[in-house]
Structure formats: structure tokens, C-alpha cells
Amino acid sequence: MSRVCGLVAIVLALVLSVDPGDAQSGKPGVEKLYVLNCGEGVAGDISRWSPGVNEGKSMDFVDNCYLIKHAQGWFLWDTGISDAVAAMPNGLAPADPKAVFWRRPKTLAAQLDQLGVAAADIKAMAVSHTHPDHVGNVELFPTAMLYVQKAEYEWPGANNEPRFKPGHPVTKLEGDRDVFGDGSVTILSTPGHTPGHQSLLVKLPNTGAVVLSGDAVHFKSNWDNRGVPANNFNKEQTLASMQKISETLAKEKAQLWINHDKAQRDDLKMSPEFYD
Ligand SMILES: [Zn+2]
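Residues numbered from 1 in each chain as written. Predicted model: local features only at pLDDT ≥ 70, side-chain atom pairs only at ≥ 80, totals over all residues. Heavy atoms only, no water.

Caption draft 1: Structural view of the pairing of strand 3 (residues 73-77). Of all five residues in strand 3, five are buried; the element is thus mostly enclosed. The pairing of strand 2 (residues 59-70) with strand 3 spans five bridges and is antiparallel. When the bridges of strand 3 are listed, Ile68 appears paired with Phe75. As paired strands, strand 3 and strand 5 (residues 122-126) are joined by four bridges and run parallel to one another. Its bridge partner lying in strand 5, Leu76 is registered against Met125. (Buried < 20%, exposed > 50% of the residue type's maximum accessible area, 1.4 Å probe, protein only. Helix = DSSP H or I, 4+ residues; strand = E, 2+ residues; numbered from the N terminus. Pairing = 2+ DSSP bridges.)

Here you go:
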């Protein structure tokens, strides 16, 4: 009888010693997350993002990139407005006056420099989607593995041009992806804004879980009202993706960090400060 009890105790000890979060080390894989300033702008008419709401009203916009330090290496989420815009004294005017007039107070390159991170140190990256305020600096990292949904990668660009440089290393996804295999950084497929839009779930050791929205939602009021921008690729997919994010927030007890929401960014610690 005591031998059986001993065996049960051994088996139980073995089962309890396996940490599903990180089977190898038992430590959380993500160490830090930096919020980088990847653009600031003014939208001419915010009803463009929530039809029928706030027509004719302009609003300040921000654009973030997020740099994650994982035990296995650096990972960059979104690349913002092109660094070239920093040199334009009057910023970048949109073709549609209702859209966003962008400025670049700091380059992405300068912010990485400040952290002592070289472009070549970033071995992996992902972009939420291929609009210019998110892919402006992908080629600052020509050797970084790019994680992108196949539907986005293959979506023809203007004049049928590819959306990424064909030689850039790429992993084409068809759904969610656990980037480091330990559950700490997960790409969530959230189509609708564009055909292969994606968001990011990050599990930080102290801050807890955070979902980085990409443009699945543009600002808080548009999230609260489930507003779908008129120029989104697919309205039903957009609403289903918002629902998926909502369920993820509940399941992971996560915060939602909305990329373009200025009021929210004003409350965030910006690089070189960080979240751990
Ligand atoms: Zn955007």
C-alpha cells in the first residue's frame, strides 16, 4: 500500500513540475515591451472610422510600434509611418482630406538606437496589416523574418504590385500563431479591416496580458460602439474579429491597447520606459 502511495506521489510531483507556459525553463518568455512613437497626426473627419458618428469633427491620431524583448530574441510589432516623413517639414498630407495628416516627431531608427538595439538584432517581426502607417519601415529590417497572413501577403497592391519586397524572408500564416512556442506572444488572425489583418496577444510577467489591436479597432469610442470604418475590406469579418478580441480579453484577463488612440497613448509609458 505504501509503495502505491509513493508511486502516486512521484507521478503527482512529475505532473505538477510541468509548467504549460514554458516547459523548458518555467520562466516567462517575454521580458519587456517598449511602446515606440511611430507617428502623430490629425484626422480631417473622424466619421470616416465610425460612419454617422462625429461627422466633420477632426481628431488627433497617434501611431505606435511595439518592441518586445523575448528570451529568444527581439520581436517588432508594426513599423509605423515611414521614417522619411520625419524629414518633411510640413508632414505627409493625405490624398483624402478626411484621412490623417501624419508627422513623424522621432524616427523608429533613432528610438531603437536610443535602446542600443541594432536593426540586425531584430530577428522577427510582424505587421498588423499593409496600410502605409504600419508598413512604412519594414525594409529597415531586411533580414528579419516577417510574419504575415497569407491573405494579406497575396492581396494585390496598387497597380497589382506586391505589398512586400519579394526577397524579404516571410512566414505566411493562415490563422493564429504562437510565435515563440511558449504562449507568450500570439498573433491573432483578425481580418476585416484588410483581408489578412492580425492583432497580437502578449503575456507580460508583471503587467499581465495585453492585446495590441492593430487597426481591428481605431479608438476607444469606435470599440465601445462597434463602429466599422466605411472603407474596411469586410464589415462582417470586422465585427467577428472584434468579437474574437472581446472573447480573448475576457479569457486572458487582458487589456486592449488601441494603436491609434491618442488619449490611451497619453497614459502609456513610452520608450525608453518599458512594461515588464
Ligand atoms: Zn492604421
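Caption draft 2: Region of interest: the coordination of the zinc ion. In the first shell of the zinc ion, the protein supplies Asp133 (OD), His134 (NE2), Asp215 (OD) and His260 (NE2), at 2.1 to 2.2 Å from the metal. Taken together, the four donor atoms coordinating the zinc ion span angles of 88 to 163° at the metal, a pattern that classifies the geometry as irregular. Look at where the donors of the zinc ion fall in the sequence and you get D-H-x80-D-x44-H. With His134 in helix 3 (residues 132-135) and Asp215 in the loop between strand 11 (208-212) and helix 5 (220-224), the pair connects residues that are 81 residues apart, well separated along the chain. The exposure classification of His134 matches that of Asp215, with both residues buried. (Donors = N, O, S within 2.8 Å, 3.2 Å for Na, K, Ca; no water. Tetrahedral: all angles 85-135°; square planar, octahedral: opposite > 155°, others 65-115°.)

Caption draft 3: The sheet that holds strand 12 (residues 255-257), seen in detail. Spatially, 8-9-10-11-12 is the arrangement adopted by the five strands of the open sheet, whose pairing is mixed. The sheet terminates laterally at strand 8 (177-178) and strand 12, the two strands that pair on one side only. When strand 10 (residues 198-204) meets strand 11, the two strands line up antiparallel, connected through five bridges. Counted as the bridge partner of Val202 is Val210 from strand 11.

Caption draft 4: Representation of the side chain of Thr248 within the structure. Take Thr248: it is sitting in helix 6 (residues 235-252). By relative accessible area, Thr248 is classed as buried at 13%.

Caption draft 5: Inspection of the pairing of strand 7 (residues 170-173) at higher detail. Burial along strand 7 is one-sided: Thr171 and Leu173 are buried, while Val170 and Lys172, pointing the other way, are not. Both strand 6 (residues 145-149) and strand 7 contribute to a ladder of four bridges, which runs parallel. Bridged to Val148 within strand 7 is Lys172.

Caption draft 6: Representation of the nonpolar core. By size, the foremost hydrophobic cluster in this structure holds 23 residues, and its most contacted members are Phe75, Leu200 and Trp257. Elements with a contribution of two residues or more to this core: strand 1 (30-43), strand 2, strand 3, strand 5, strand 9 (185-189), strand 10 and strand 11. Not counting the four nearest positions on each side in its chain, Phe75 is found in contact with Tyr66, Leu67, Ile68, Ala124, Met125, Ala126, Tyr147, Val179, Phe180, Val185 and Leu200. In this structure, Leu76, Val117, Val127 and Val135 belong to the second largest nonpolar core, which totals 21 residues. (Core = buried A, V, L, I, M, F, W, Y, C linked by side-chain atoms within 4.5 Å. Contact = heavy atoms within 4.5 Å.)

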